[in-house]
Amino acid sequence: MLTIACWAMKGGTGKSSTVLNLGAALSRSKLKTVVIDLDGQRTLSFGLGMDGKTPTAIDWLARDKPSAPLETQVKNLSIIPGDMGMFRLVSQSEIFTQSLKRIRPLGFDICLMDCPPNLGLISVQAVLAADRVLLPTLCEPAALKGLSEAISLIRDDSPDKPIEVLRCRYKRSLVLTREADDLLVTSAEDFNYRLLHTVIPENIAVAEAIAQQQPVLEYAPKSPGAIAYKSLGKELLKIWKVKA
């Protein structure tokens, strides 16, 4: 099972939307995928119609016995739903490695973890325990500052951990976007990350799909957002070298 932590230091970067829709795209490739909602805001859980369902991420992290992920309405896609208690979770020890080991025997191909947009216990431990890190970002100064800080923090502890950077809510026509693109391209080698070719455009259908508790691939399959997430799934599967 390949484990990916999806993390951003700044909220509003499209992190939860990416986990939801990337998970749906991977499941369409016949990969058995599990998404884990570690963010107390629980956007991922809500977007899949699973907010309030149990067992939650708190149960998964706290129990010695496996808490089986719940099946969603999307074929091949399961979830460990979020819990508001994640805001208060504290631990004196590393808890993610053992928790991930408990779901490895369940036969999932890919695990996507939606991390809180902060430097708290949950985010740090999830990033360190993951095989790879996916960092969504906006193409604007504040977001790029948070991105560079996040990459530096990861590199301090895991110099060789693969990092992919995804541009979300992309507005191609803006000069600011083009300037950010240039900076991301030139920084990739210095910070040792891969800037993904796929960009996720600003598209109202993505937000509408979450409100309807569906992946955008199902809600509006011909929308720019759905097309982009399908492309993202294909690109990442080539990079990750994962086959159904």
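Just so it is clear, the structure is predicted and the values come from calculations on it, not from any experiment.

Q: Please clarify how helix H8 (residues 204–211) should be interpreted in this entry.
A: Considered for burial, the residues of H8 that qualify are Ala205, Val206, Ala209 and Ile210. Projected down its long axis, H8 shows its buried positions confined to an angular sector of 140°, all on one face. On its buried side, H8 packs onto helix H1 (15–28), helix H2 (43–47), helix H9 (216–219) and helix H10 (224–240). Within two residues after H8, Gln213 carries a phi angle of roughly 60°, on the positive side.

Q: I'm lost on the environment of Leu144 in this one. Help?
A: In this structure, Leu144 sits in helix H6 (residues 141–157). As a C-alpha pair, Leu144 and Lys10 span 134 residues in sequence and 9.5 Å in three-dimensional space.

Q: Would you mind going over the pattern of salt bridges with me for this structure?
A: Side-chain pairs of opposite charge can arise whenever the charged atoms involved come near each other. Considering all chains together, one arrives at eight salt bridges under this definition. Note that Glu164 and Arg132 form a salt bridge whose closest N and O atoms lie 2.6 Å from each other. Of this pair, Glu164 sits in strand S7 (residues 163–170) while Arg132 sits in strand S6 (residues 132–137); the two residues are 32 residues apart in sequence, bridging distant segments of the chain. The exposure class assigned to Glu164 is buried, which follows from its relative accessible area of 1%. In this structure Arg132 comes out as buried when scored by relative accessible area, which is 14%. With its nearest N and O atoms 3.9 Å apart, the salt bridge here joins Glu202 to Lys171. Of this pair, Glu202 sits in the loop between strand S8 (194–201) and H8 while Lys171 sits in the loop between S7 and helix H7 (175–191), placing them 31 residues apart in sequence. The structure contains a network of salt bridges with shared partners spanning Lys15, Asp39 and Asp114.

Q: Mind showing me how you'd approach the packing of aromatic side chains here?
A: Each aromatic ring pair is described using two quantities: the centre-to-centre distance and the angle formed by the ring planes. According to the stated counting rule, one finds one aromatic pair in the structure shown. Ring centres of Trp60 and Phe96 lie 6.0 Å apart, and the angle between their planes is 75°; on these two criteria the pair is classed as edge-to-face. Of this pair, Trp60 sits in helix H3 (residues 57–62) while Phe96 sits in helix H4 (residues 96–103), and the two are 36 residues apart along the sequence. Look at Trp60 and you get buried, because its relative accessible area is 1%. Relative accessible area serves as the criterion here: at 0%, Phe96 is assigned to the buried category. The ring centre of Phe108 lies 4.9 Å from the NZ or CZ of Lys32, which sits over that ring.

Q: Just checking my understanding: could you explain the packing of H1 against H10 for this structure?
A: Helices that pack against each other are described as a pair by the angle of their axes relative to one another and the distance between those axes. Viewed as axis vectors pointing N to C, H1 and H10 meet at an angle of 70°, and their least axial separation amounts to 9 Å. Relative to H10, H1 is oriented roughly perpendicular. Along the contact surface, H1 presents Ser17, Thr18, Asn21, Leu22, Ala25, Leu26 and Arg28, while H10 presents Tyr229, Lys230, Leu232, Gly233, Leu236, Leu237 and Trp240. Tallied by class, the residues present in the contact of H1 with H10 amount to eight nonpolar, four polar and two charged.

Q: Sorry if this is basic, but what is going on with the layout of surface pockets here?
A: Rolled over the atoms, a probe sized like a water molecule indicates the empty space that remains. Taken as a whole, the largest pocket holds about 390 Å³ of empty space. As for the largest pocket, its lining consists of 22 residues, of which Gly12, Thr13, Gly14, Ser17 and Arg169 are closest to the centre. Among the elements that make up the lining of the largest pocket, the one with the highest residue count is H8 (four residues). Tallied by class, residues from the lining of the largest pocket come to nine nonpolar, nine polar and four charged.

Q: Sorry if this is basic, but what is going on with the sheet that holds strand S5 (residues 110–114) here?
A: Within a sheet, each strand pairs with its neighbour through backbone hydrogen bonds, oriented either parallel or antiparallel. As summarised here, the arrangement of the eight strands in space is S3-S4-S2-S5-S1-S6-S7-S8, forming an open sheet in which the pairing is mixed. Two strands in the sheet have a free side with no partner beyond their single neighbour: strand S3 (70–71) and S8. Of the strand pairs in this sheet, strand S1 (residues 2–6) and S5 are connected by five bridges, and their pairing is parallel. Considered in S5, the bridge of Cys6 is made with Asp114. Packing against the sheet, H4 makes contact with S1, strand S2 (33–37) and S5, and its axis sits at approximately 140° to S5. Contacting S6 and S7, H6 runs over the sheet at an angle of about 170° to S6.

Cut-off values and rules
Residues numbered from 1 in each chain as written. Predicted model: local features only at pLDDT ≥ 70, side-chain atom pairs only at ≥ 80, totals over all residues. Heavy atoms only, no water. Buried < 20%, exposed > 50% of the residue type's maximum accessible area, 1.4 Å probe, protein only. Helix = DSSP H or I, 4+ residues; strand = E, 2+ residues; numbered from the N terminus. Arc of directions from axis to C-beta. Contact = heavy atoms within 4.5 Å. Salt bridge = Lys/Arg side-chain N within 4 Å of Asp/Glu carboxyl O. Phe/Tyr/Trp six-rings, centres within 6.5 Å; stacked < 30°, edge-to-face > 60°. Lys NZ or Arg CZ within 6 Å of the ring centre and 35° of its normal. Axes fitted to C-alpha atoms, helices over the stretch in contact; angles between N-to-C directions. Parallel < 35°, antiparallel > 145°, perpendicular 65-115°, else oblique. Nonpolar A, V, L, I, M, F, W, Y, C, P; charged D, E, K, R; others polar. 1 Å grid on protein atoms, 1.4 Å probe; cavity = no way out; pocket = protein on both sides within 12 Å on 5 of 7 lines; lining within 4 Å. Points joined across faces, edges and corners; volume = space filled by probe spheres on them. Pairing = 2+ DSSP bridges.

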